Amino acid sequence: MRQGARKLSAAAMLVSLIALTGCSGDADIPTLDEATKQLVADGDKLLASRELAATGSAAATERADRESELGCLKGQVQRFFRAQGDLTGPPYVHSPSNVAGLMASWLRLRGYNKIVDNADLGDENLGVAVLQNPQTGITFFVTVRNGQKPHIMIVGKTSCYERDG
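Summarised in this report is the structure supplied together with it.

Each value, and the rule that gives it
- Residues numbered from 1 in each chain as written.
- Predicted model: local features only at pLDDT ≥ 70, side-chain atom pairs only at ≥ 80, totals over all residues.
- Heavy atoms only, no water.
- Helix = DSSP H or I, 4+ residues; strand = E, 2+ residues; numbered from the N terminus.
- Buried < 20%, exposed > 50% of the residue type's maximum accessible area, 1.4 Å probe, protein only.
- Areas by Shrake-Rupley, 256 points an atom, 1.4 Å probe, with all protein chains shown as cover.
- Salt bridge = Lys/Arg side-chain N within 4 Å of Asp/Glu carboxyl O.

As a further point, take the overall build of the chain. Along the chain, the regular secondary structure elements total 4 helices and 8 strands. Traced from its N-terminal end to its C-terminal end, the chain shows the element sequence α-α-α-β-β-β-α-β-β-β-β-β. In the chain, buried positions account for 44% of the 165 residues. Summed over all atoms, the accessible surface of the chain reaches about 9,000 Å², with 53% contributed by carbon and sulfur.

This is the structure:
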């Protein structure tokens, strides 16, 4: 029971961190349109990367085509890139933490800084990585799990921006 409470606490901390990273008021970040273009470009390239292809595949389910108020302060919006897919090969041949780590490495090579990784959760059937690009304010959440499909879930998002008009 103690370990379950520790995982729940780690998950609650992760949710709090996610809320904080989504709504920065930094004047140096790009416009929403610029960030959206970069978000889609980075998301598409991650889906086409050999790091993902080596372990599975995923396809975009949302490509930042609409504004969302989710996770933002009143009067602010952000855009999301979402993808999901599955691991290839026999069940449990790929470690979720290794798959998440491969995608995190790909993002780190492109200027993203790791915010959260598997060490924060410590679950062998769940791989998690959260990375943010300090120049663009874009954050990617990578979740890989054994068992339940989809195995791979990727969510990218812009920072929150004041709504136009």
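Picking up after the structure, the text goes on.
As enumerated under the stated definition, the model contains 6 salt bridges in all. Residues Arg82 and Glu62 are paired through a salt bridge, measuring 2.9 Å at the closest nitrogen-oxygen approach. Residue Arg82 is found in strand β3 (residues 80-87), and its partner Glu62 is found in strand β1 (residues 56-63); the two are separated by 20 residues along the sequence. Overall, Arg82 belongs to the partly exposed group, its relative accessible area being 27%. Arg79 serves as the salt-bridge partner of Glu67, at 3.8 Å between the closest nitrogen and oxygen.

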